[in-house]
Amino acid sequence: MSITFLQNHNKKIYFTLISVITLFLIMDYIPWLSFFAGYMTPPLSLFLGLAFALICGEAYPKFNKKVSKYLLQYCVVGLGFGMNLHESLASGRQGMEFTIISVAGTLIIGMLIGYRFLKINRETSYLISSGTAICGGSAIAAVGPIIKAKESDMSVALATIFILNAIALFIFPIIGHYIGLDQQQFGTWAAIAIHDTSSVVGAGAAYGEEALKVATTIKLTRALWIIPVALVTALIFKSGGKKIAIPWFIFYFIIAIVLNTYFMNGMTQVGHGIASLARKGLILTMFFIGASLSVDVLKKVGVRPLIQGVLLWITISLLSLGYILIS
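The following paragraphs examine the structure supplied in this document. (Residues numbered from 1 in each chain as written. Predicted model: local features only at pLDDT ≥ 70, side-chain atom pairs only at ≥ 80, totals over all residues. Heavy atoms only, no water.)

## A closer look at the overall build of the protein chain
The secondary structure content of the protein chain amounts to 17 helices and zero strands. On C-alpha atoms alone, the protein chain measures out to a radius of gyration of 19 Å, which is about the 20 Å that the 2.2 N^0.38 rule sets for 327 residues. Summarising its shape, the C-alpha atoms of the protein chain cover approximately 60 × 55 × 40 Å along the three principal directions. When burial is assessed residue by residue, the protein chain has 51% of its 327 residues classed as buried. At a minimum sequence separation of 6, the contacts of the protein chain that also span at least 24 residues come to 81%. When the accessible surface of the protein chain is summed, it comes to about 15,500 Å², and 69% of that surface belongs to carbon and sulfur atoms. Side chains of the protein chain give 23 positive and 12 negative charges; the mean places of these two sets differ by 11 Å. (Helix = DSSP H or I, 4+ residues; strand = E, 2+ residues; numbered from the N terminus. Rg over C-alpha atoms; globule rule 2.2 N^0.38 Å. Buried < 20%, exposed > 50% of the residue type's maximum accessible area, 1.4 Å probe, protein only. Contact = heavy atoms within 4.5 Å. Areas by Shrake-Rupley, 256 points an atom, 1.4 Å probe, with all protein chains shown as cover. Lys, Arg positive; Asp, Glu negative; His and termini not counted. Charge placed at Lys NZ, Arg CZ, Asp CG, Glu CD.)

Structure follows, in structure tokens:
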């Protein structure tokens, strides 16, 4: 079977893969087939999406982008119905101190590596640094208009973060198991060291139930830093009056946790059911995210932006891991 044949039939293959993933997820609700549902994990779903995009080419790119964005948000809110407010506050509080330090530190180190050392233009370097510091693509989308970044700057930064996100989803759980991180430690590390919410949630889900809760809570708390960072960015780049893109789904996530904690005490099965459905939705989301990658996206990423992204990522990963292990 040739590559040309696969590319000519990429839409059929696309829907076939989605159907297969969905079928595996549905098996979880069939007692004698639930064992097989465990084989469909977030990394595997992402791998299928990436393999499809790089071998068969893009299919429905606008649909992939839109569905992955909104499905992720709905699923994150759904996860809130399986979480307790008091436990979530405890998890978020433990990662808050380092979150504050790491956000500011990542922005500064990122600009030193990209703008000063690698001589990347200021806009692209700042976008990559912001995406690494806060929450990947959401942060880039928020600060891009404020610094008046060109479409090419946005594309390079987004592509860089996307590639590193895909790698993180695969390697972080492996590293975590290898060095013996517990659920709390891994969830905290993933939330700080992985760029985008989607990959943080995917890595947490692959590591364990508690890691998923910790990673989601800390990452969404971290994502709220979009607002102060955007305001500071407007002052630095002298671009007052620009609209800040606030990730409203984070507040819905908090509402879901409050509802589950105080108003659904007698309906625990309902909350667990919604959270379970959300976790399955996240696995499907990973496929759409992977299928959004293309050869064109890879070509947009120059060597220097990728070097900045990798060096900054390694620096933050090692520093945050060291902090977690000694704290």
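Read on, since the account is not over.
## Points about the packing of helix H10 (residues 183-193) against helix H17 (residues 303-326)
It is the contact of H10 with H17, at a shortest axis distance of 9 Å, that shows an interaxial angle of 150 degrees. Considering their axes alone, H10 and H17 lie roughly antiparallel with respect to each other. Seen from above, H10 lies across H17 with right-handed handedness. Of the residues in H17, those in contact with Gln 185, Thr 188, Trp 189, Ile 192 and Ala 193 of H10 are Trp 313, Ile 316, Ser 317, Ser 320, Leu 321, Ile 324 and Leu 325. Tallied by class, the residues present in the contact of H10 with H17 amount to eight nonpolar, four polar and no charged. (Axes fitted to C-alpha atoms, helices over the stretch in contact; angles between N-to-C directions. Parallel < 35°, antiparallel > 145°, perpendicular 65-115°, else oblique. Left-handed = near helix turned anticlockwise from the far one by under 90°. Nonpolar A, V, L, I, M, F, W, Y, C, P; charged D, E, K, R; others polar.)

## Remarks on the side chain of Thr 261
Following the sequence through the fold, Thr 261 ends up in helix H14 (residues 249-262). For Thr 261, a relative accessible area of 8% translates into the label buried. Contacts of Thr 261, omitting those with residues within four sequence positions, involve Met 83, Asn 84, Leu 85 and His 86.

## What to know about a nonpolar patch on the surface
Together, Trp 248, Phe 251, Tyr 252, Ile 254, Ile 255, Leu 259, Tyr 262 and Phe 263 make up an exposed nonpolar region whose accessible area comes to about 830 Å². In this fold, Ile 254 is placed in helix H14. On the basis of relative accessible area, Ile 254 is assigned to the partly exposed category, the value being 37%. (Patch = residues over 30% accessible without salt bridge, like charges linked within 9 Å, V, L, I, M, F, W, Y side chains within 5 Å. Salt bridge = Lys/Arg side-chain N within 4 Å of Asp/Glu carboxyl O.)

## What to know about the packing of aromatic side chains
Under the criterion given, the structure shown has 14 aromatic pairs. A ring pair is formed by Phe 52 and Phe 287, whose centres lie 6.5 Å apart and whose planes are at 45 degrees; its orientation type is tilted. Note that Phe 52 is positioned in helix H4 (residues 42-56) and Phe 287 in helix H15 (residues 268-291), a separation of 235 residues in sequence. What makes Phe 287 buried here is its relative accessible area of 0%. On the numbers, 3.9 Å between centres and 10 degrees between planes, the contact of Phe 186 with Tyr 207 is stacked. Here Tyr 207 lies in helix H11 (residues 197-207) and Phe 186 lies in helix H10, a separation of 21 residues in the sequence. A single burial state applies to Phe 186 and to Tyr 207, both of which are buried. Clustering of aromatic rings is evident, with ring pairs tying together Tyr 14, Phe 15, Phe 52, Tyr 60, Phe 63, Phe 287 and Phe 288. (Phe/Tyr/Trp six-rings, centres within 6.5 Å; stacked < 30°, edge-to-face > 60°.)

## So, the pattern of salt bridges
Counting across every chain of the model gives two salt bridges. In this structure, the salt-bridge partner of Asp 28 is Lys 280, at a minimum N-O distance of 2.7 Å. Residue Asp 28 is found in the loop between helix H2 (10-26) and helix H3 (34-37), and its partner Lys 280 is found in helix H15; the two are separated by 252 residues along the sequence. Look at Asp 28 and you get partly exposed, because its relative accessible area is 35%. The class for Lys 280 is buried, based on a relative accessible area of 11%. Between Glu 209 and Arg 279 there is a salt bridge whose closest N-O contact spans 3.1 Å.

## A short note on helix H12 (residues 209-223)
Look at H12: 21 Å from first C-alpha to last across 15 residues, which is about the 21 Å you get at 1.5 Å a residue. The buried fraction of H12 is high, at 11 of 15 residues. Burial in H12 covers these residues: Ala 211, Leu 212, Val 214, Ala 215, Thr 216, Thr 217, Ile 218, Lys 219, Leu 220, Arg 222 and Ala 223. (Expected span 1.5 Å × (residues − 1).)

## Let's talk about the nonpolar core
Residues Val 76, Leu 127 and Ile 134 are the most contacted members of the largest nonpolar core, which totals 41 residues. Sequence-distant contacts of Ile 134, that is, excluding residues within four places in its chain, are made with Val 103, Ala 139, His 195, Lys 219, Arg 222, Ala 223, Trp 225, Ile 226 and Val 229. Core analysis: the next-biggest nonpolar cluster, separate from the first, contains 29 residues, Leu 50, Phe 186, Ala 203 and Ala 215 among them. (Core = buried A, V, L, I, M, F, W, Y, C linked by side-chain atoms within 4.5 Å.)

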